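# Coordinate analysis (summary)
Residue-level listing of the chains:
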Amino acid sequence: MHQWPSDIDDISLETAHGPPRKPLGEGSQSPRVAEISSIKTTAKILKFDHGLYALSIEQNGGPSSEHSGIVLPAIHIANPPSDCLGTAEIVAASGDPTFWLGPEGGTVVVKAPLGGGHVLITTYEADDQAGTPLEIEVRRLDLPSRELVRTGADEPKSEPITRDIKAEILLHIERAGDRRVVAQGWVGNRGKKLRIEAFSIRPLETLAAGDIEYKAFGPNMRETPWVSGAQLCGTRGRGLPLTGFAIRLAAPLRDRFDIEYQGAFFESGVSDPSRNGEPCMPHIADDPLEALNLRLTERVP
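Described in the following lines is the structure provided in the data block. (Residues numbered from 1 in each chain as written. Predicted model: local features only at pLDDT ≥ 70, side-chain atom pairs only at ≥ 80, totals over all residues. Heavy atoms only, no water.)

As a further point, take the overall build of the protein. Each helix and strand in the protein was counted, giving 0 helices and 24 strands. Relative to its 301 residues, the protein shows a buried fraction of 41%. At a minimum sequence separation of 6, the contacts of the protein that also span at least 24 residues come to 69%. For the protein, the accessible surface area stands at approximately 17,400 Å², while carbon and sulfur atoms represent 49% of it. (Helix = DSSP H or I, 4+ residues; strand = E, 2+ residues; numbered from the N terminus. Buried < 20%, exposed > 50% of the residue type's maximum accessible area, 1.4 Å probe, protein only. Contact = heavy atoms within 4.5 Å. Areas by Shrake-Rupley, 256 points an atom, 1.4 Å probe, with all protein chains shown as cover.)

What follows is the structure, given as C-alpha cells:
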C-alpha cells in the first residue's frame, strides 16, 4: 500500500436546508414542500505529487438508506473550488463519468500535473446515521519498476537525484495586466479563458537570469526569437494571445539542469509535458494560452 503522497485535510460541513423564507406578499401562495431530508457531509482534500494514482475507496461498513431517491452513503470526487490550489485531472471513477460512488465504494484514477494537484472527496450520509471513517488506499501507477537492472555486472542502476530550482514568472494577462508569481504549480487563470499575451522567467537561486532562454508562438505559427535575461516575450496592449511557448537552458548548462513545462489552453486543455526547448503547443491550432506550469531541476552528482 502506497502512503499518502502529501497532506489530507478533513473538513466538516454543515448541511443547508435551503434559503430562508421570505415574507409572503398579499395574494401569494406558500410553496409546498413534499419532503425535507437531512443529510450530513464530510470532506477530505487530498494533495498529490506529480504523477498518476489509483484511489481504492473501501465499501462503507454501515447500513445504506434511501433519502429522496438517493442511496446513502454516497461519495463524490471533484476538484476543490479554489484558484489557489493546483487541481488534479480525474481520469475515471469506476465507470461513472460524473465521479460518484455508492456505498459499495470503488476505484478512482487521478493524474496530478507538474507542481502537484488536489482532489476533494465528499461523503454524504443520513443525518441519523453514525459516521463511518472513509478508508482509502492509494497506489501510484507510473513509478518505474524497482527490480534490479543487470548490465553484465551485479550492480543495479541508480535513479538520478535532482533538486528543484525556484523561479519567478511574470505574465501579462488580458484585462489583468502584469502578474508576477513564483513558479509553484500552475500560474495564470485555468478555466477562465483570459489570454496570456507575454511572459518572462527569472531564476531565484543558483542560476542567473541569462541562463534561462525562452520563446513564444502566436496565431498563424508566428514565432519570436529566443530571449533571456528576464526580458518580456510577447506583446502588451495589442490583444495578441500566445498560442505556445518553449523554454531551455543556455547551452553550457544543459548537461546539468533540466526544465519541464506544460500549457493550459482555452479549448485544447492541458498539453502533454515538454522538455528542454521542445515547443509546447495546443492540440487545436491557434488556441490561446491561459496558464502554464514549469519545473526547473538540477542534477545532483
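If you look at the biggest cluster of nonpolar residues, it comprises 32 residues, and the most contacted ones within it are Phe 199, Ile 201, Ile 247 and Leu 294. Elements represented by at least two residues in this core include exactly strand S13 (167–173), strand S16 (196–203), strand S17 (212–218), strand S20 (244–249), strand S21 (257–265) and strand S24 (289–300). For Leu 294, the contacting residues outside a window of four places in its chain are Ile 169, Ala 183, Ile 201, Ile 247, Ile 259, Glu 260 and Tyr 261. Among the nonpolar cores identified, the runner-up in size contains 19 residues, and Ile 57, Ile 75, Ala 88 and Ala 112 belong to it. (Core = buried A, V, L, I, M, F, W, Y, C linked by side-chain atoms within 4.5 Å.)

Below, the discussion takes up the pairing of S24. Working note: regular strand, side chains alternate between the two faces of the sheet. Of all 12 residues in S24, 9 are buried; the element is thus mostly enclosed. Summarising the sheet, strand S12 (residues 161–165) and S24 pair through 5 bridges and their orientation is antiparallel. Looking at S24, one finds that Ile 165 is bridged to Leu 296. The pairing of strand S15 (residues 187–188) with S24 spans 2 bridges and is antiparallel. Along S24, the bridge assignment pairs Gly 188 with Ala 291. By the bridge criterion, 9 bridges tie S21 to S24 in an arrangement that is antiparallel. (Pairing = 2+ DSSP bridges.)

What follows is about the side chain of Thr 235. Its location among the elements puts Thr 235 in the loop between strand S19 (233–234) and S20. Aside from chain neighbours lying at most four places away, what touches Thr 235 is His 172, Glu 197, Ala 198 and Leu 240.

With that settled, consider the sheet that holds S17. Spatial strand order, S18-S17-S20: 3 strands in an open sheet with antiparallel pairing. Each edge of the open sheet is held by one strand with a lone partner, namely strand S18 (222–223) and S20. Both S17 and S18 contribute to a ladder of 2 bridges, which runs antiparallel. Looking at S18, one finds that Phe 217 is bridged to Glu 223.

This paragraph deals with unusual backbone geometry. In the segment running from Leu 72 into Pro 73, the intervening peptide bond is cis, with an omega of 0°. Mapped onto the fold, Pro 73 is located in the loop between strand S5 (70–72) and strand S6 (74–78). Of note, Thr 206 is a non-glycine position whose phi angle comes to about 70°, a positive value. Within the secondary structure layout, Thr 206 lies in the loop between S16 and S17. Under the relative-accessibility criterion, Thr 206 is labelled partly exposed at 45%. Positive phi is not limited to glycine here, since Ala 230 has a value of about 65°. As for its placement among the helices and strands, Ala 230 is situated in the loop between S18 and S19. Looking at Ala 230, the relative accessible area reads 16%, which means it is buried.

Our focus in this paragraph is the packing of aromatic side chains. Applying the stated criterion across every chain, the model contains 5 aromatic pairs. Summarising the aromatic geometry, the rings of Phe 48 and Tyr 53 are spaced 4.9 Å apart at their centres and angled 40° between planes, so their arrangement reads as tilted. Following the ring pairs from residue to residue traces out a cluster consisting of Phe 199, Tyr 214, Phe 245 and Tyr 261. For Arg 190, the ring lying beneath its charged end belongs to Trp 186, and the centroid distance is 4.7 Å. (Phe/Tyr/Trp six-rings, centres within 6.5 Å; stacked < 30°, edge-to-face > 60°. Lys NZ or Arg CZ within 6 Å of the ring centre and 35° of its normal.)

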